[in-house]
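Residues per chain are reported as follows:
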Amino acid sequence: MRTIAASLFISLDGVVEEPAEWHFPYFNDEMGAAVGGQMADTLLLGRKTYDSFAGAWPEREAAGGEDAGYAKTLGEARKIVVSRQPLEFTWRNSELLQGDLVEAVTALKNEEGGRIAMSGSISVIRQLLQARLLDELHLLVHPIAVRKGERLFDEGDTTVPLELIKSETFATGVLYLVYRPAPATADGSYDDAKTHLPQDEQ
């Protein structure tokens, strides 16, 4: 079965909206390697993220600048777009995800192939986490409180337990954290927790 890994730039206060407005001062070789390591031959994108990518990367590929190689890699990847509306694609290797999101992504994961990558696409990530279809969540936590904008997790009635499987600290202070879904947490209380508090030495 194919796995899905989502990667996000996120501020210390949980903001994931418009990272281009605040994250570039923290972009170094370490972050570049982390971002490059998340590339895959299949991308799953929400419509807004796709529109943003399609509006920039084809031109950068054509311009032949320093980022043309990365732009070409994005262009060659299969891009599957989640949208409730029909779309006309101008960026090569793009297609619309057909049908119900959960059913369609489940079918996609059952196809032959390698890892599926996601970037941005917050509403899609939330739905896949809730449906336990997201296998890994890669967060690049920036040491800045943006204080406005959309957060990764919205209000809801259920928790989203996660297990930390990797952590790395960059020279810029960015934390690179990788999580995977975890079983539901057990019930607990202060009486359970206080047994782990330091005890006075006798």
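The rules behind these values
Residues numbered from 1 in each chain as written. Predicted model: local features only at pLDDT ≥ 70, side-chain atom pairs only at ≥ 80, totals over all residues. Heavy atoms only, no water. Phe/Tyr/Trp six-rings, centres within 6.5 Å; stacked < 30°, edge-to-face > 60°. Helix = DSSP H or I, 4+ residues; strand = E, 2+ residues; numbered from the N terminus. Buried < 20%, exposed > 50% of the residue type's maximum accessible area, 1.4 Å probe, protein only. Salt bridge = Lys/Arg side-chain N within 4 Å of Asp/Glu carboxyl O. Core = buried A, V, L, I, M, F, W, Y, C linked by side-chain atoms within 4.5 Å. Contact = heavy atoms within 4.5 Å. Pairing = 2+ DSSP bridges. Axes fitted to C-alpha atoms, helices over the stretch in contact; angles between N-to-C directions.

Draft legend 1. View of the packing of aromatic side chains. Scanning the model with the defined rule gives four aromatic pairs in all. Their ring planes at 40° and their centres at 5.9 Å tell us that Tyr50 and Trp91 sit as a pair that is tilted. Placement of Tyr50 in helix H2 (residues 47–54) and of Trp91 in the loop between strand E3 (78–82) and strand E4 (94–96) is noted, with a sequence separation of 41 residues between them. Each member of the pair, Tyr50 as well as Trp91, is classed as buried. Judged by centre distance (6.1 Å) and plane angle (40°), the ring pair of Phe170 and Tyr176 falls under tilted. With a relative accessible area of 4%, Phe170 lands in the buried category.

Draft legend 2. The arrangement of the pattern of salt bridges in detail. Summed over the entire model, instances satisfying the criterion amount to 14 salt bridges. A salt bridge links Arg2 to Glu111; the nearest nitrogen and oxygen atoms lie 3.6 Å apart. Residue Arg2 is located in the segment before strand E1 (4–11), and its partner Glu111 is located in the loop between helix H5 (101–109) and strand E5 (116–119); the two are separated by 109 residues in the primary sequence. Its salt-bridge partner being Arg180, residue Glu163 comes within 3.1 Å of it at the nearest N-O pair. Of the two residues, Glu163 is situated in strand E7 (residues 162–169) and Arg180 in strand E8 (residues 175–181); the sequence distance between them amounts to 17 residues. Glu163 gets classed as partly exposed once you look at its relative accessible area, which sits at 32%. With relative accessibility at 38%, the residue Arg180 sits in the partly exposed group.

Draft legend 3. Region of interest: the nonpolar core. Formed by 27 residues in total, the largest nonpolar core has its most connected members in Met118, Leu128, Leu134 and Leu137. Looking at this core, the elements with two or more residues in it are E1, E3, H5, E5, helix H6 (122–130) and strand E6 (136–142). No other element matches H6, which puts five residues into this core. Setting aside anything within four residues of it in sequence, one finds Leu134 in contact with Ile4, Ala5, Ala6, Met118, Ile125, Leu128, Leu129 and Pro181. Judged by nonpolar contacts, the second largest core, of 13 residues, contains Phe53, Ala77, Val81 and Trp91.

Draft legend 4. Representation of the environment of Gly188. Examined against the element boundaries, Gly188 turns out to sit in the loop between E8 and helix H7 (190–193). Taking the C-alpha atoms as reference points, Gly188 and Lys148, 40 residues apart in sequence, are found 33 Å from one another.

Draft legend 5. Structural view of the sheet that holds E4. Spatially, eight strands are ordered E4-E3-E2-E5-E1-E6-E8-E7 in an open sheet, and the strand pairing comes out mixed. For this open sheet the edge positions go to E4 and E7, each flanked by a neighbour on one side alone. Direction aside, neighbouring strands of the sheet carry axes that sit 25° apart on average. Looking at chain direction, E6 and E8 are connected through five bridges and run antiparallel. By the bridge assignment, Leu140 is partnered in E8 with Tyr176. Set on the sheet, H2 makes contact with strand E2 (42–46), E3, E4 and E5; between it and E2 the angle comes to about 115°.

On their own, these measurements won't tell you what the molecule is for.
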